[in-house]
Amino acid sequence: MVTRVPEVLLRHRIRIEPYLADTAYGPTHGHAVEAVPALVDPSPRMARAPDGREFTTAATFIAAPDFDCPLGSRIPLPDGRTAIATTVARHTAPGLPVPACTEVTTE
């Protein structure tokens, strides 16, 4: 049985503007998904992008395990900054009593 991260722990509500594609005018984003429950950690830390480069995070957050956040999505943070989703990791531990979640790192 996979348990989910408890909703009560997802204290923030964020908005996601999902990345759609690159165009001649730059990246395009879809309609905003409002009030996504998440737990936001605004602490900067070093992380590695899928292409191997290192960067300092703007924020990291966790959300429900079925949360869909394409890389490149825009995320207005609770403190007013806008960040871009750089890594997305789905954490599950089948058979163990730990909560499953999706972790998104932004820059």
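You'll find the structure just up there.
Let me begin by describing the structure that accompanies this report. Remember, predicted model here, so these are calculated numbers, not experimental data.

Moving on to the overall build of the protein chain. For the protein chain, the helix and strand inventory stands at 0 helices and 11 strands. Starting at the N terminus and walking to the C terminus, you meet the elements of the protein chain as β-β-β-β-β-β-β-β-β-β-β. The 107 residues of the protein chain split such that 36% are buried. For the protein chain, the distance from the average position of its 10 positive side-chain charges to the average position of its 12 negative side-chain charges is 3 Å.

So, on to the pattern of salt bridges. Side-chain pairing between opposite charges can occur once the charged atoms of the two side chains come close. Summed over all chains, the structure comprises 8 salt bridges. With a closest N to O distance of 3.6 Å, R4 and D66 form a salt bridge. Here D66 lies in the loop between β8 (59-63) and β9 (74-76) and R4 lies in strand β1 (residues 3-4), a separation of 62 residues in the sequence. The class for D66 is exposed, based on a relative accessible area of 58%. Two residues, R48 and E54, come together in a salt bridge whose shortest N-O distance is 3.0 Å. Of the two residues examined, R48 and E54, each falls in the exposed class. Ionic contacts of the salt-bridge type, sharing partners, join the residues R15, E17 and R74 into one network.

Time to look at the environment of T87. Structurally, T87 can be placed in strand β10 (residues 82-91). The class of T87 is buried, set by a relative accessible area of 19%. Sequence separation of T87 and A49 is 38 residues, and the distance between their C-alpha atoms is 6.3 Å. In this view, T87 contacts R48, A49, P50, L71, E103, V104 and T105; residues no more than four positions away in its chain are not counted.

We now examine the pairing of β10. As paired elements, β9 and β10 share 3 bridges and run antiparallel to each other. The partner of P76 across the bridge, within β10, is T82. Here β9 folds back onto β10 in antiparallel fashion, the turn holding 5 residues, of which G80 has a positive phi close to 100 degrees. In the sheet, β10 pairs with strand β11 (residues 99-106) via 6 bridges, with the strands oriented antiparallel.

As a further point, take the pairing of strand β5 (residues 33-41). Pairing of strand β2 (residues 12-16) with β5, which is carried by 4 bridges, proceeds in the antiparallel orientation. Among the inter-strand pairings, I14 is bridged to a residue of β5, identified as V36. Here 3 bridges tie β5 to β8, and the two strands are oriented antiparallel to one another. Its bridge partner lying in β8, L39 is registered against I62.

Analysis parameters
- Residues numbered from 1 in each chain as written.
- Predicted model: local features only at pLDDT ≥ 70, side-chain atom pairs only at ≥ 80, totals over all residues.
- Heavy atoms only, no water.
- Helix = DSSP H or I, 4+ residues; strand = E, 2+ residues; numbered from the N terminus.
- Buried < 20%, exposed > 50% of the residue type's maximum accessible area, 1.4 Å probe, protein only.
- Lys, Arg positive; Asp, Glu negative; His and termini not counted.
- Charge placed at Lys NZ, Arg CZ, Asp CG, Glu CD.
- Salt bridge = Lys/Arg side-chain N within 4 Å of Asp/Glu carboxyl O.
- Contact = heavy atoms within 4.5 Å.
- Pairing = 2+ DSSP bridges.

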